[in-house]
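Reading the structure
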Amino acid sequence: MAARLVAFNAAAEAIASLRVIFATFEGGRIAAHLDEYSDANLRFHQRIIELSGCETLRRTADGILIHMRSIRHRTIGEDRRFERSIVDHMQIIEALERRDVELAERLVRDHALALAAHVDANDNDL
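The paragraphs below set out a description of the structure included in this document. (Residues numbered from 1 in each chain as written. Predicted model: local features only at pLDDT ≥ 70, side-chain atom pairs only at ≥ 80, totals over all residues. Heavy atoms only, no water.)

Once that is clear, we can look at unusual backbone geometry. Not every positive phi belongs to a glycine, and Arg-99 is a case in point at roughly 60°. Note that Arg-99 resides in the loop between helix H5 (81-97) and helix H6 (101-121). Residue Arg-99 is classed as partly exposed on the basis of its relative accessible area of 33%. (Helix = DSSP H or I, 4+ residues; strand = E, 2+ residues; numbered from the N terminus. Buried < 20%, exposed > 50% of the residue type's maximum accessible area, 1.4 Å probe, protein only.)

Below, the structure is given as structure tokens:
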């Protein structure tokens, strides 16, 4: 829902701020800086929720993101998930920039469900 609201309502400059979050990871620098990437990953998701302008979504997400922080830190390096993560994030940003509401929503949902599936498949380790 947050992605839909961003695609509908956010200023172009606000959407561009999403790219800045990942600027330091260009050129394959993620593997050597997984903790920093994991933090950027969470900032990205928080920023989308913030840009949605929906206080109800923000309050709901704040509670979920507390738990997500530890899960992301633990899973981002598994199976080199960070490689897929950065691609997903760039595709989400591109969909938001194009104001493609349906695609942005689907990409964010698929991105979140991929993490849920990974956690489910590896729950003995978490």
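Moving on, we come to the side chain of Asp-88. You can see Asp-88 is positioned in helix H5. Here Arg-84 takes part through its side chain, which lies 2.8 Å from a polar atom of the side chain of Asp-88. (Polar contact = N/O pair within 3.5 Å; in protein donor to acceptor, adjacent residues only side chain to side chain.)

What follows covers H5. The terminal C-alpha atoms of H5, which comprises 17 residues, lie 24 Å apart, in line with the 24 Å expected from a rise of 1.5 Å per residue. Those residues of H5 lying buried are Arg-81, Phe-82, Ser-85, Ile-86, Asp-88, His-89, Ile-92, Ile-93, Ala-95 and Leu-96. Taken from the residues just after H5, Arg-99 is the one with a positive phi, measuring 60°. (Expected span 1.5 Å × (residues − 1).)

Considering all chains together, one arrives at three aromatic pairs under this definition. Look at Phe-25 and Tyr-37: their rings are 5.3 Å apart centre to centre, the planes differ by 90°, and that puts the pair in the edge-to-face class. Of this pair, Phe-25 sits in the loop between helix H2 (12-21) and helix H3 (34-52) while Tyr-37 sits in helix H3, placing them twelve residues apart in sequence. Among the residues examined, Phe-25 registers a relative accessible area of 7% and is labelled buried. Members of the aromatic cluster, connected to one another through ring pairs, are Phe-22, Phe-25, Tyr-37 and Phe-44. (Phe/Tyr/Trp six-rings, centres within 6.5 Å; stacked < 30°, edge-to-face > 60°.)

What follows is about the pattern of salt bridges. Inspection of every chain in the model, using the stated rule, returns ten salt bridges. Across the pair Glu-97 and Arg-19 runs a salt bridge whose closest N-O atoms are separated by 2.8 Å. Of the two residues, Glu-97 sits in helix H5 while Arg-19 sits in helix H2, which places them 78 residues apart along the sequence. By relative accessible area, Glu-97 is classed as partly exposed at 37%. For Arg-19, a relative accessible area of 33% puts it in the partly exposed group. In this structure, Asp-110 engages Arg-106 in a salt bridge whose closest nitrogen and oxygen atoms are separated by 3.6 Å. In this pair, Asp-110 and Arg-106 are both assigned in helix H6, four residues apart and thus about one turn of the helix distant. Given a relative accessible area of 38%, Asp-110 falls into the partly exposed group. Put simply, Arg-4, Glu-102, Glu-105 and Arg-109 are held in one network by salt bridges that share partners. (Salt bridge = Lys/Arg side-chain N within 4 Å of Asp/Glu carboxyl O.)

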